[in-house]
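# Observations on the model geometry
Residue-level listing of the chains:
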Amino acid sequence: MVNRSPVPVTIVGGAGAEDLARTLRAPDHGILAGSWHGPGSVQIDADTAHRTPGCSCCALRLDVIDGLLRAVRRPNPPAHVLLVAEPGDDVTTIAYTVLSDADLARHVRLDGVVVSLDAVAMATRKAGGAPLGSGPELETLAIADAIVLDRASELTNDAIISIRHSLGAINAIGSTLERTADAALLSAQRQRLIGIDAWHGAPAVGARIDVELRGPDDGPHTLILRQRAPLDPDAVDAWLDRVIESHAQRLVRLQGALAIDSAPARVCCHGVRSYAMSHSESADPPASRRGESLVVIVGHDLDAGDLSSEFAATRVR
Amino acid sequence: MTDHLLTSANERWRTRLDDGCRSVAWSPGGRLFVIAADGSSLIDDPSQLTAPMAPDPVDAAWLGERRVAVVDTVGGVVFAGSGAIDAQPVDGARCVDSAQGRTIVGGANVVALFGDTNEDAPATTITTGAGQSHALCHTVGGMWAVGGSSGLVLIDGAMGEIDVRLEMDGVRAVAWADDAERLVAADLAGSLHLIGIHDPARGVELDGYPDPVRHLAISADGGLLVAAADDELTWWRIDDEGDPDDMPERAVVHEHPVTALAMSSDGLVTTGDAAGRIHVWSPWVTDHPVATMTLDSEIVASEWSSDGSRLAVASMCGELAVYDVTPGAVA
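Please read these numbers as outputs of a predicted model, since none were measured by experiment. (Residues numbered from 1 in each chain as written. Chains lettered and ligands numbered in written order. Predicted model: local features only at pLDDT ≥ 70, side-chain atom pairs only at ≥ 80, totals over all residues.)

Attention shifts here to the overall build of chain A. When helices and strands are counted, chain A shows 10 helices and 15 strands. Relative to the 2.2 N^0.38 estimate, which gives 20 Å for 317 residues, the radius of gyration of chain A is 19 Å and therefore close to what a compact globule would have. Taking the principal axes of the C-alpha coordinates as reference, chain A spans close to 60 × 55 × 45 Å. Of all 317 residues assigned to chain A, the portion counted as buried reaches 50%. (Helix = DSSP H or I, 4+ residues; strand = E, 2+ residues; numbered from the N terminus. Rg over C-alpha atoms; globule rule 2.2 N^0.38 Å. Buried ≥ 20, exposed ≤ 12 C-beta atoms within 10 Å, placed from the backbone.)

When helices and strands are tallied, chain B shows 0 helices and 31 strands. Computed over its C-alpha atoms, the radius of gyration of chain B comes to 19 Å, within 12% of the 20 Å expected for a compact globule of 331 residues. The principal-axis extent of the C-alpha atoms belonging to chain B is close to 50 × 50 × 35 Å. Across chain B, the fraction of contacts at a sequence separation of at least 24, relative to all contacts at a separation of at least 6, is 44%. (Contact = placed C-beta atoms within 7 Å.)

Residue and element names in this part refer to chain A. Taken N-terminus to C-terminus, the directions of helix α5 (residues 119–128) and helix α7 (residues 157–170) make an angle of 80 degrees; their axes are 10 Å apart at the nearest point. Taken together, the axis directions place α5 and α7 in an arrangement best described as roughly perpendicular. On α7, the residues touching A119, M122, A123 and K126 of α5 are A159, I160, S162, I163 and S166. Its residues assigned to classes, the contact of α5 with α7 comprises 6 nonpolar, 2 polar and 1 charged. (Axes fitted to C-alpha atoms, helices over the stretch in contact; angles between N-to-C directions. Parallel < 35°, antiparallel > 145°, perpendicular 65-115°, else oblique. Nonpolar A, V, L, I, M, F, W, Y, C, P; charged D, E, K, R; others polar.)

All names here are of chain A. Relative to strand β9 (residues 175–178), strand β8 (residues 146–150) runs parallel, the two being bridged by 4 bridges. Each bridged residue has a counterpart across the sheet, and for V148 the counterpart in β9 is L177. As a crossover connection, the stretch from β8 through α7 into β9 is right-handed. (Pairing = 2+ DSSP bridges. Right-handed = clockwise from strand over helix to strand, strands pointing away.)

All names here are of chain B. Looking at the secondary structure, you find G30 in the loop between β2 (21–26) and β3 (32–36). Separated by 129 residues in the primary sequence, G30 and M159 have C-alpha atoms spaced 31 Å apart. Aside from chain neighbours lying at most four places away, what touches G30 is S305 and D307.

What follows is about the sheet that holds strand β23 (residues 232–237) of chain B. Residues and elements named next belong to chain B. Taking strand neighbours across the sheet as the criterion, the 4 strands line up as β21-β22-β23-β24 in an open arrangement whose pairing is antiparallel. Of all the strands in the sheet, the pair left with one neighbour each is β21 (215–218) and β24 (249–252). On average, adjacent strands in this sheet sit at an angle of 15 degrees to one another, irrespective of strand direction. The pairing of β23 with β24 spans 4 bridges and is classified as antiparallel. Of the residues in β24, the one forming a bridge with W235 is E249.

The next point concerns the interface of chain B and chain A. Between chain B and chain A, the contact holds 30 residues from the first and 21 residues from the second. Counting residues per element, the side of chain B that touches chain A draws most heavily on strand β13 (residues 124–138) of chain B, which supplies 3 residues. Across the side of chain B that touches chain A, the residue classes break down as 11 nonpolar, 12 polar and 7 charged.

Here the focus is the pairing of strand β7 (residues 108–118) of chain A. Taken residue by residue, a regular strand's side chains alternate between the two faces of the sheet. All names here are of chain A. Counting buried positions over the 11 residues of β7 gives 9, a clear majority of the element. Judged from the 8 bridges that link them, strand β1 (residues 7–14) and β7 form a sheet pairing that is parallel. Residue V9 lies in a different strand from β7, and its bridge partner there is L110. When β7 meets β8, the two strands line up parallel, connected through 5 bridges. When the sheet's bridge partners are listed, D118 is paired in β8 with D150.

In this model, chain B carries an average pLDDT of 92, and 96% of its residues clear a pLDDT of 70 or more. Across the assembled chains, the prediction reports ipTM 0.94 with pTM 0.94. (pLDDT = per-residue confidence, 0-100.)

Residue and element names in this part refer to chain A. Parsing chain A into structural domains produces domain 1 (7–193) and domain 2 (211–312). A C-alpha centroid distance of 24 Å is found between domain 1 and domain 2. The interface of domain 1 with domain 2 comprises 19 residues on the first partner and 18 residues on the second. Here the residues of the side of domain 1 that touches domain 2 sort into 14 nonpolar, 4 polar and 1 charged. (Domains from an automatic or database assignment.)

Moving on to the sheet that holds strand β5 (residues 49–50) of chain B. Residues and elements named next belong to chain B. Strand order across the open sheet formed by 4 strands is β2-β3-β4-β5, with antiparallel pairing between neighbours. The two strands at the open ends of the sheet, each matched to only one other strand, are β2 and β5. In this sheet, strand β4 (residues 41–43) lies alongside β3 in antiparallel orientation, the contact comprising 3 bridges. Its bridge partner lying in β4, V34 is registered against L42.

This is how it looks when you write it as C-alpha cells:
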C-alpha cells in the first residue's frame, strides 16, 4: 500500500492570479487552471453542484474535485498544486470543496489562499471614492492568507500605506506583501506564500483584546474572540455546533485554537460554510499563547454580541 | 446451480503501467483496454502497449472489437484502432459509452452522438441542460441516460432530442438493469433514484445515506442494487414492481473508503478501496467476501468482462491485474 502525505494545494485568486501562479510555480508543482495549458497543468472548467439541492452553503465545485484527483492520483504526484481561481470564481466555494470532499481529503490538504491585487487599480478606486471591490472580491480578500500587491512600485509610499490600511480593515488573518521581480526577493516571498499550512493550525492573528470586530460596511466582517481561561469541552463543542448551524450560509472562514480543560494540547478547528473539522495542534505554540483560546470567524451579518457572549460562557466554571 | 462461497479468483497476470490508470473497459467479445493518465494504453495483455494518444484521458469505451474511444478533457474524443486514429472536439468531454452502433460522449451541458462506422461524420450534438456530464449509460433501444451536475436526462439518440429531464443535484453515477428496464442514479445529496424507463416521473428515492453514494451497480434483472458510500456497502433487494425492501443490508466492508465497484453477469460484486484492497462479494453471503486480492495503491477502476469470467482491476499508481473468476458449482 502506498502511504504518502497529502499534496498541499494553494488557491490563487484575484485579477492577476494566473500570472502569479506561473511566477510561483516550481518545476515539480502542478497548476490547475481554466484556460492555461502548460507543463504540469490540468484544465478545469467551472462546474458547480450542491450537496443539498438549493442550499448555497454546500455548493461544491465538481470540476475542482475531478481536476485535483486527476493531478494527484498518479505514481508521482506534484509536490504542490497551485489552483488558479478564474476572475468571477467564488474562492470560498473552492476552499469549501477542497476541505470538505472526502476523496480530496485523502489526497490533498489546503495550504493557503493567496490573492493577487492590482495596487494601481485599488489606489484609483480609493481616490475616486469607489468601493474597494465587489462582494465576492471582498470575501476573497477577507479569507486570504496572503495578499500580493501587483504594480505597487508604480505608487507612492503614502498610497501603499493607505492601501495596506484598507486591506487591514478587510483582512485580519493574512499578510500583505508587494510583488517583486527581483529573483532573490521572489524566492523569499515564495516562502511566505507556498508551504505555509495556514488552515490547519492556530489562526495567524494577534489579539490584544477579548472581542474584536472589523470589516467594511458592505463586505464580510471578521470577529476575533479570545479567552485565557480553559474551556469546557462539551460547552465549546456545543458552541461550535451552534455557530455552524446558525451561520453556515454566512460563514466564509472559521479558524481557532482552543485550550480545552485537561487536554494535553490545544485543539485547532477550521471550516468554511457548513463544513468544520478539528484536530490537535501539531506545532508548539509560543509560550505566551499556551492556555489561550483564539477563534477567528469571517462571515456576513455576524451577530458579534451573541457569538462572543456564548463563547465566553464556554469557559470552565 | 452455483455456490458463490466456493468462488475462486486466480491471477491471470499483473503488470505496471508508466502512469496511474484512469479507465478500464472490456469489449463485448472479451478484449481489454486500459488507458493511463499519460495517455498511453494497454490492449489485451501487457505485451501490447501503445504510445500516448491523449494528453489527459478520463474515460474509454470499446466500439465493437476493433476500435476504442478515449475521452480527453482537453481534446474531446479520440477514436483509435484498425490502424487509424481520429480526434473530434467535444466541449468538456468527461464520459463515453458505446452500444448498438453508436458512441455517446458526455460533455459540458451537451452530449455528442457518433456512428461507430463513420466517426468522421459530424456528431449529433444535443444540449442536455444537465450541466457538466459525469456519468452515462445506454438504456433501451436508442435511449441513453446522462447524469450531470444539475440533473439526469434521458436522450432519444434516434431522434436527437431530450426525452425526459429530471432535476437532481450532482448526479455522479448511473447504472442500468437491462432485463428490468430500470435505471438508477446517485446524487450528491446522498439519495439513490430508482426509475422505470417507461414512467420516469414515478421514481423511488432511496435515502438515508450520510455520505453521498459514489459507486453503484444493479443486476440485469433489476432485483439487486448495490451502492457504496464511504466504507459501507448497501444491498437493496427490489421486487418485480420496482419497490425496494424497507430494510436493506448495510455493512462496513472495507477499512478504507470504497473507490471502485462493479457487478458481474453472475451477480458477483467487486469492491476496491483507497488502500488497494479488493473484495469479491456474493449477493447471498454479504457478511464476508468470497475472495480478496490486493494491489499497490488506491483502486481507481474495476470491471468485469461481459461473460463474468474475468475481472480487471487498476490502481492509481499504475498497477493492473486481471483475474480469472469462477463461481463455485454445487454438485
